[in-house]
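# Commentary on secondary and tertiary structure
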Amino acid sequence: MGVLVSSAVPGLRCPEEANIRAPESVVSLHASFITAGAELIETNTFGANRHKLRAQFLEDEVEAINEAGVKLAREAREISGRDVFIAGSIGPLGELGGLAAVERGPVFAEQAELLEGRGVDLFMVETFFDLDELATAIEAVQGVSRLPIVAMLTFDEDAETFGGVSARHAVERLTAYELAAVGANHGAGLHAALAALEAMGDGRPLAALPNVGLASLSGGRVIYPHATPEYFAEFAAQARALGARVIGGCCGTTPTEIAAIARAVEEERQPTAPFAAAERELVVSAHERPEDTELARMLRAGEWVTCVELDPPKGGTYESMLSVTNTLKDSGAVGFVDINDNPMARARANALMAAIAIERSCAIETIPHVTPRDTSVMGLQSQLLAAHAEGVRNVLAVTGDPPHVGDYPGSRGVYEVDSIGLSQVVTRLNVGEDFNGKAIDAPTSFFLGVAVNPSADDLDTELDRFRQKVEAGAQFGMTQALFDLAYLDRFEERLGGWPIPILVGIFMVRSHQLAVRLHNEVPGIVVPEDVQNRLRNAGPRAAEVGLELARELYAEAREKSCGVYVIPPFKQPEAALELLGSL
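These lines cover the structure that appears in this document, whether it is placed above or below. (Residues numbered from 1 in each chain as written. Predicted model: local features only at pLDDT ≥ 70, side-chain atom pairs only at ≥ 80, totals over all residues. Heavy atoms only, no water.)

A word on helix H5 (residues 62-80). The first and last C-alpha atoms of H5 sit 28 Å apart over 19 residues, in line with the 27 Å expected at 1.5 Å per residue. Taken residue by residue, H5 has Val62, Ile65, Asn66, Ala68, Gly69, Val70, Leu72, Ala73, Ala76 and Arg77 as its buried positions. Where H5 is buried, its residues touch helix H2 (18-21), helix H3 (23-36), strand S1 (40-42), helix H4 (50-55), strand S2 (85-90) and helix H6 (101-117). (Helix = DSSP H or I, 4+ residues; strand = E, 2+ residues; numbered from the N terminus. Expected span 1.5 Å × (residues − 1). Buried < 20%, exposed > 50% of the residue type's maximum accessible area, 1.4 Å probe, protein only. Contact = heavy atoms within 4.5 Å.)

Below is the structure:
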C-alpha cells in the first residue's frame, strides 16, 4: 500500500496521509486488490502511530488518519461486494533510540484502540526488525483488544533479523503469546521469506508477505524487480507447503502478483521442487587467537610510545607521504604514525587506505583516524572490514570536523552514530558481529583508541563521554593537543584515575600568530595566555621557543602518560624529529 499510494498521490509527507488527503486513491487500491482475489486487505495505517506521525508534523491527525484508514478499507469491501477480512496494519516505531522502552507500549496501544474502534477484524503487527519491540507491540495490542493478531518480523536470506535473531529463536520466543499466525514480511525478497518459514515451521499457522525483491532508485523513484506472475505462483506454492496460511506481498507487490497467488492457492498448486536453503559458511579459524599489535604490546608492557601525526595527501599519489614516513621510521625515534581523516573537513585520501599503503610500504604500524562524519554505519563497517583484511589493526575513533567548517559549507555530515557509537561498531566487529548484533563471517582484532580532551570547556560532558567510550570498548586514548598538562591532572583527578593508557598530544607551534589562531579558532584547543606571551615576546626566535615548549611538555608527559603523539608544523612532518630526534 505504501509504495503504490505514494506513487499515485504526489507530495505526501507519508503514505498514511493519503487517508485524509486522497481517500479515493486509497479506496481504489483496496478495490483493485480485492478484485485480484485478495481475501484479506490491510488498512493504510502501517506508520500511523503517534511517534512516526510526529516526525511528519501530523501528530494532531493520529485519530483522523487511523479511523479513515479503516473506513476506506470498509468502503472498498462494500463496493466490491465480497466478504474480505480487514486487518489493522501496525508497524514499528522506526528507530528504537527515539523512545524509551516504557514509552513504546502506549503508542502501540493507542493505535490499536483507534483501529478496533472503527471495526477491523484482526491486526497485522508487521515489518519489525527487533524482536523485543515486536513483543512490546503484541503485549500492548493484547492489553487493549482481544482481536486476533498476525505477528511478522523482517528477515534476510540467512533467516535472521537485522539484529541477528534467527527465525527459529523468534518463533520460540513468540510461543509465549496467543497469536493467529507468525511469519515473515518485507525483507530481502521471496527467497528470504521462504527461508524464514522453513526455520519457523513447527505446525503452527505461518504468514509470508515478502517484498517483490530488492529495491533500486531510478529518476528519484523506487523501482522493484519485474517478478513474473509465474514466479509468485511458485512462491505461493512453496510457502503453502512450508506451513503458510496467510500468503501475500509487501513492497513492490501489485494486483498482478496477488492474482497469481490467489490462483495458486485456489488450485492447490504444488511446488515444482522442494525448497532448500544453503547454510552460510563461517570463517573463524584464522582469527581465533589474534596477536597483539606492537602498540598494544608496548602499552601493556609499560614501554614509552612515540608517534607522529600525518595528513594524507590531497592529490592522487602517496609518494610524498611514504617518503616522509620512511624518514620518520629510519630515524629510530618514531615508533608509530597516526593518520588524520580529512582534517579541517577538507578532502584528502582516506585515512584507512593511507594506513594500508604505509604499513605495506614502510613497515611501520599506523593509527588511522576513523570518523562517522562521511559515511553510514554500513559504510563504516565496510571500510573497517576491508582495512582489517589488509592488515590494519590500530584505529582511533573520532567525531571528525563537520563539513561546513571546511571546503563544503553546504554539506552536512552523515553522523548516523557519533564516536561512541563508532567505538561500539568496532567492538562488535571484534566479537564477530555487526552493529545490529548479527554474526559476521570472521571476527576482527582491532586495537581501539578514542579521543579525549582534558581541556574541554564543558568538562562534565567530556568526562561522561570518555566513560561511555571506555564502556564501549576503548583500549587506549589520545588527548587533544595540550599546552598545559595541568588540564591532564585535573581530568585524571575528576576521573578517579585513567582506566586505559593515554597518549598526550603535543602541537609544535612555531609562531605567536599560530598559537593565537589555535586558541581562538580551533574547537577544543586551549593555548594558555602565558604560552602565547612567551611566543610573542620571542619575536624572531618564536620557532626556537616553540621547540622549547614542546620539549618541556614532552618531559612532563613522560611522568604522567604512556606516550606522546606529535603534531608537527603544517606541511613539515619531518620537523617532529627536531623534538623526538633530540630526545
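Attention now goes to unusual backbone geometry. A positive phi angle, close to 60°, is found at histidine 186, a residue other than glycine. Positionally, histidine 186 belongs in strand S5 (residues 181-186). You can call histidine 186 partly exposed: its relative accessible area is 26%. Here the phi dihedral of lysine 571 falls at roughly 60°; this positive angle occurs in a residue that is not glycine. Locating lysine 571 in the fold gives a position in the loop between strand S17 (563-567) and helix H22 (576-580).

Looking now at the pairing of strand S13 (residues 394-397). What you see with S13 is no split at all: Asn394 and Leu396 on one side and Val395 and Ala397 on the other are buried throughout. Where strand S12 (residues 365-370) meets S13, two bridges bridge the pair, whose relative direction is parallel. By the bridge assignment for S13, histidine 369 is matched with leucine 396. Between S12 and its parallel partner S13, the chain crosses via helix H15 (residues 377-389), and the hand of that crossover is right-handed. For S13 and strand S14 (residues 447-452), the ladder comprises four bridges, and the chain directions are parallel. (Pairing = 2+ DSSP bridges. Right-handed = clockwise from strand over helix to strand, strands pointing away.)

It is worth spelling out the side chain of aspartate 341 at this point. Along the polypeptide, aspartate 341 turns up in the loop between strand S11 (336-339) and helix H14 (351-362). At a separation of 3.3 Å, a polar atom in the side chain of aspartate 341 contacts the main-chain amide nitrogen of threonine 371. Ignoring anything within four residues of it in the chain, the contact list for aspartate 341 reads Ala351, His369, Val370, Thr371, Arg373 and Asp374. (Polar contact = N/O pair within 3.5 Å; in protein donor to acceptor, adjacent residues only side chain to side chain.)

Reading across the sheet, the seven strands line up as S1-S2-S3-S4-S5-S6-S9 and stay open at both edges, with parallel pairing between neighbours. Edge positions in the sheet fall to S1 and strand S9 (244-247), since each of these pairs with one other strand and no more. Sheet twist, expressed as the mean angle between neighbouring strand axes with direction ignored, is 25°. The pairing of S2 with strand S3 (residues 122-128) spans four bridges and is parallel. When the bridges of S3 are listed, alanine 87 appears paired with leucine 122. With respect to the sheet, H6 is in contact with S2 and S3, its orientation differing from that of S2 by roughly 160°. Packing against the sheet, helix H9 (residues 190-200) makes contact with S5, strand S6 (206-210) and S9, and its axis sits at approximately 165° to S6. (Axes fitted to C-alpha atoms, helices over the stretch in contact; angles between N-to-C directions.)

So, on to empty space enclosed by the protein. Applying the stated criterion to the full structure yields one cavity of 30 Å³ or more. Of the pockets and cavities examined, the largest cavity occupies roughly 40 Å³. A per-element tally of the lining of the largest cavity places helix H21 (residues 542-560) first, with four residues. The residue makeup of the lining of the largest cavity, split by class, is seven nonpolar, one polar and no charged. (1 Å grid on protein atoms, 1.4 Å probe; cavity = no way out; pocket = protein on both sides within 12 Å on 5 of 7 lines; lining within 4 Å. Points joined across faces, edges and corners; volume = space filled by probe spheres on them. Nonpolar A, V, L, I, M, F, W, Y, C, P; charged D, E, K, R; others polar.)

Turning next to the nonpolar core. Of all hydrophobic cores here, the largest spans 75 residues; its most connected members are Phe123, Leu134 and Phe235. By size, the runner-up hydrophobic cluster in this structure holds 62 residues, among which are Ala333, Leu422, Ile440 and Phe466. (Core = buried A, V, L, I, M, F, W, Y, C linked by side-chain atoms within 4.5 Å.)

What follows is about helix H16 (residues 419-430). The end-to-end C-alpha distance of H16 is 17 Å, a good match for the 16 Å that twelve residues give at a rise of 1.5 Å each. Residues Ser419, Ile420, Gly421, Leu422, Ser423, Val425, Val426 and Leu429 constitute the buried set of H16. Summarising the contacts, the buried residues of H16 are in contact with S12, H15, S13, S14 and helix H17 (459-471). Where H16 starts, the residue carrying a side-chain oxygen 3.0 Å from the main-chain nitrogen of isoleucine 420 turns out to be aspartate 418. Once H16 ends, the next one or two residues include glycine 432, with phi positive near 90°.

The subject of this paragraph is the pairing of S2. With respect to burial, S2 is a largely interior element, five of its six residues being buried. Judged from the three bridges that link them, S1 and S2 form a sheet pairing that is parallel. Residue isoleucine 41 lies in a different strand from S2, and its bridge partner there is isoleucine 86.

The N-to-C vectors of H3 and H5 enclose an angle of 50°; their axes lie 8 Å apart at closest approach. Here H5 runs oblique to H3, going by the angle between their axes. Where H3 crosses over H5, the handedness of that crossing is right-handed. Across the interface between the two elements, Pro23, Val26, Val27, His30, Ala31 and Ile34 from H3 touch Leu72, Ala73, Glu75, Ala76, Arg77, Ile79 and Ser80 from H5. Across the contact of H3 with H5, the residue classes tally to nine nonpolar, two polar and two charged. (Parallel < 35°, antiparallel > 145°, perpendicular 65-115°, else oblique. Left-handed = near helix turned anticlockwise from the far one by under 90°.)

Time to look at the sheet that holds strand S10 (residues 305-310). Remark on secondary structure: sheet strands pair via backbone hydrogen bonds, oriented parallel or antiparallel. Overall, parallel pairing links the eight strands, which are arranged S10-S11-S12-S13-S14-S15-S16-S17 in a closed barrel. Neighbouring strand axes in the sheet, compared pairwise and without regard to direction, differ in orientation by 25° on average. Taken together, the five bridges between strand S16 (residues 502-507) and S17 define a ladder with parallel strand orientation. Each bridged residue has a counterpart across the sheet, and for valine 504 the counterpart in S17 is valine 564.

By themselves, these figures tell us nothing about what the structure is for.
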